[in-house]
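Structural overview for review
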Amino acid sequence: MLMSPGRPAKLLYMANNFRILVRGDHVVCAGTGVAIPLDTLKYWSVERQEPYATAQAASAAMLPE
């Protein structure tokens, strides 16, 4: 079993995919705090090692403060 229901996963974000380090069923968006099911995760930053729920959240995270 690759998932643990209701538990956040810990991932290593790579250029074209990610590796599961700690099993879980979701990650939390770094920009919005929304839970993202692993099977729908599309946006992340390799440099920051952060997941994002939407393209807008990913873009906002890249803007200078």
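Residues numbered from 1 in each chain as written. Predicted model: local features only at pLDDT ≥ 70, side-chain atom pairs only at ≥ 80, totals over all residues. Heavy atoms only, no water.

Below, the discussion takes up the side chain of serine 45. The topology assignment puts serine 45 in strand β5 (residues 43-45). A distance of 3.4 Å separates a polar atom in the side chain of serine 45 from the backbone nitrogen of glutamate 47. Setting aside residues up to four positions removed in sequence, serine 45 forms contacts with Tyr13, Glu50, Tyr52 and Met62. (Helix = DSSP H or I, 4+ residues; strand = E, 2+ residues; numbered from the N terminus. Polar contact = N/O pair within 3.5 Å; in protein donor to acceptor, adjacent residues only side chain to side chain. Contact = heavy atoms within 4.5 Å.)

This part takes up the pairing of strand β2 (residues 18-22). Pairing geometry for strand β1 (residues 10-13) and β2, over four bridges, is antiparallel. In the sheet register, lysine 10 faces β2, and the bridge partner there is valine 22. Counting the residues between successive antiparallel strands, the hairpin from β1 to β2 contains four residues. (Pairing = 2+ DSSP bridges.)

Attention now goes to the packing of aromatic side chains. Evaluated as defined, the whole model comprises two aromatic pairs. Aromatic side chains tyrosine 13 and tryptophan 44 sit 6.0 Å apart centroid to centroid with 35° between the ring planes, which places their arrangement in the tilted category. Here tryptophan 44 lies in strand β5 and tyrosine 13 lies in strand β1, a separation of 31 residues in the sequence. Judged by centre distance (5.5 Å) and plane angle (85°), the ring pair of phenylalanine 18 and tryptophan 44 falls under edge-to-face. In this pair, phenylalanine 18 is assigned in strand β2 and tryptophan 44 in strand β5, connecting sequence segments 26 residues apart. Exposure remark for phenylalanine 18: the relative accessible area of 24% places this residue in the partly exposed category. Residue tryptophan 44 is classed as partly exposed on the basis of its relative accessible area, which comes to 21%. (Phe/Tyr/Trp six-rings, centres within 6.5 Å; stacked < 30°, edge-to-face > 60°. Buried < 20%, exposed > 50% of the residue type's maximum accessible area, 1.4 Å probe, protein only.)

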